[in-house]
Amino acid sequence: MMKMTSSLETTRAELGLVVAYLNKAEARDKICRAIQYGSKFLSDGQPGTAQNVDKTTSLARKVFRLFKFVNDLHALISPVPKGTPLPLALLGKSKNALLSTFLFLDQIVWLGRTGIYKNKERAELLGRIALFCWMGSSACTSLVEIGELGRLSASIKKLEKEIGNKDKHHNEEYRAKLKRSNERSLALIKAGMDFVVAFGLLQLAPKKVTPRVTGAFGFASSLISCYQLLPSHPKSKTV
């Protein structure tokens with residue numbers, strides 16, 4: 001009976017995590033993003049069901065991002081953490097400015113595609129400018145992550161010397177820094193993928209970065225985003 005109760009509590013806890021995850025608008029957006037780019041990969045730019053799913057999901061996702069530009073606008077005017085080198089601080093602020101601009105212009109694109117904004121040519125132009133802003137923000141993010149990884153690496157090496165011959169994996173500070181390093185490495189990979197996706201959507205090299213390549217990178221990037229948003233797993237209780 002106790003075993004059944006324990007199993008029920010575990011199932012309830014797991015379902016609670018799923019509910020908490022799906023309650024996040026950001027998580028739902030990233031799931032839709034995975035569907036969008038998965039469809040783009042399957043369609044390879046050819047007319048059909050997969051391309052229709054790609055286009056309709058892309059339009060639906062824009063609703064999730066309404067007024068989201070305020071987040072990066074707030075980050076832009078917020079002070080940087082103490083000790084952050086000036087080049088990294090400037091890159092971080094550039095990323096915020098570019099991403100906020102992308103999200104703002106993307107709203108006008110949505111208005112154009114829904115027919116509310118009638119000037120289609122200007123909407124398309126603003127859409128391309130928005131994608132260039134996203135590509136720029138991805139490049140800035142990559143450079144920030146490279147810089148922060150370098151700082152973390154130096155900090156970890158210094159800590160290893162301080163620990164000496166002791167088991168470093170039992171050191172809480174070492175584990176925390178290693179975790180941050182892994183998180184930043186994943187963020188760097190994602191930023192690089194997003195840069196390729198933006199490059200592909202802009203069709204700057206259509207023969208090399210085809211819709212299928214864009215879809216593959218976008219799908220992988222979306223899966224990373226979904227993973228990054230996962231809630232922390234509750235610690236199992238020992239009986």
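Procedures and definitions
Residues numbered from 1 in each chain as written. Predicted model: local features only at pLDDT ≥ 70, side-chain atom pairs only at ≥ 80, totals over all residues. Heavy atoms only, no water. Phe/Tyr/Trp six-rings, centres within 6.5 Å; stacked < 30°, edge-to-face > 60°. Helix = DSSP H or I, 4+ residues; strand = E, 2+ residues; numbered from the N terminus. Buried < 20%, exposed > 50% of the residue type's maximum accessible area, 1.4 Å probe, protein only. Lys NZ or Arg CZ within 6 Å of the ring centre and 35° of its normal. Contact = heavy atoms within 4.5 Å. Expected span 1.5 Å × (residues − 1). Salt bridge = Lys/Arg side-chain N within 4 Å of Asp/Glu carboxyl O. Core = buried A, V, L, I, M, F, W, Y, C linked by side-chain atoms within 4.5 Å. Axes fitted to C-alpha atoms, helices over the stretch in contact; angles between N-to-C directions. Parallel < 35°, antiparallel > 145°, perpendicular 65-115°, else oblique. Left-handed = near helix turned anticlockwise from the far one by under 90°.

Once that is clear, we can look at the packing of aromatic side chains. As enumerated under the stated definition, the model contains two aromatic pairs in all. Consider the rings of Phe 69 and Phe 104, whose centres lie 5.3 Å apart with planes at 75°: the pair is edge-to-face. One end of the pair, Phe 69, is in helix 4 (residues 69–77); the other, Phe 104, is in helix 5 (residues 86–114), with 35 residues separating them in the sequence. According to the relative accessible area criterion, Phe 69 is buried, its value standing at 15%. Ring plane angle 20° and centroid distance 5.8 Å describe the contact between Phe 102 and Trp 134, whose orientation is recorded as stacked. Remark: Trp 134 occurs in helix 6 (residues 120–163) and Phe 102 occurs in helix 5; sequence separation between them is 32 residues. The ring of Phe 41 is capped by Arg 212, whose NZ or CZ atom sits 5.2 Å from the centre of that ring.

Time to look at the side chain of Lys 62. Mapped onto the secondary structure, Lys 62 falls in helix 3 (residues 49–64). Setting aside chain neighbours within four positions, we find Lys 62 in contact with Asp 106, Val 109, Trp 110 and Arg 113.

Attention now goes to helix 2 (residues 25–43). In a regular helix each residue adds 1.5 Å, so 19 residues correspond to 27 Å; helix 2 covers 27 Å between its end C-alpha atoms and thus fits that length. When we look at burial in helix 2, the residues that qualify are Ala 27, Asp 29, Lys 30, Cys 32, Arg 33, Ala 34, Gln 36, Tyr 37, Gly 38, Ser 39, Lys 40 and Ser 43. One or two positions beyond helix 2, positive phi appears at Asp 44, with a value near 55°.

With the rule as written, the count across this model stands at 12 salt bridges. Through salt bridges with shared partners, a single ionic network connects Glu 26, Asp 29, Lys 30, Arg 61 and Lys 68.

Moving on, we get to unusual backbone geometry. In the Ramachandran plot, Phe 67 falls in the positive-phi region, its phi being about 65° despite a non-glycine side chain. Note on placement: Phe 67 falls in the loop between helix 3 and helix 4.

Our focus in this paragraph is the nonpolar core. Residues Phe 102, Leu 105 and Trp 134 are the most contacted members of the largest nonpolar core, which totals 15 residues. No other element matches the six residues that helix 6 contributes to this core. Apart from residues no more than four positions distant in its own chain, Leu 105 is found in contact with Leu 126, Ile 129 and Ala 130.

For the pair helix 2 and helix 8 (residues 211–228), interaxial distance at closest approach is 7 Å and the crossing angle is 160°. Relative to helix 8, the element helix 2 lies roughly antiparallel. Helix-helix and strand crossings are classified by hand; for helix 2 and helix 8 the assignment is left-handed. Between helix 2, through Lys 30, Ile 31, Arg 33, Ala 34, Tyr 37, Gly 38, Lys 40, Phe 41 and Leu 42, and helix 8, the contact on the second element is made entirely by Pro 211, Arg 212, Thr 214, Gly 215, Ala 216, Gly 218, Phe 219, Ser 221, Ser 222, Ser 225 and Cys 226.

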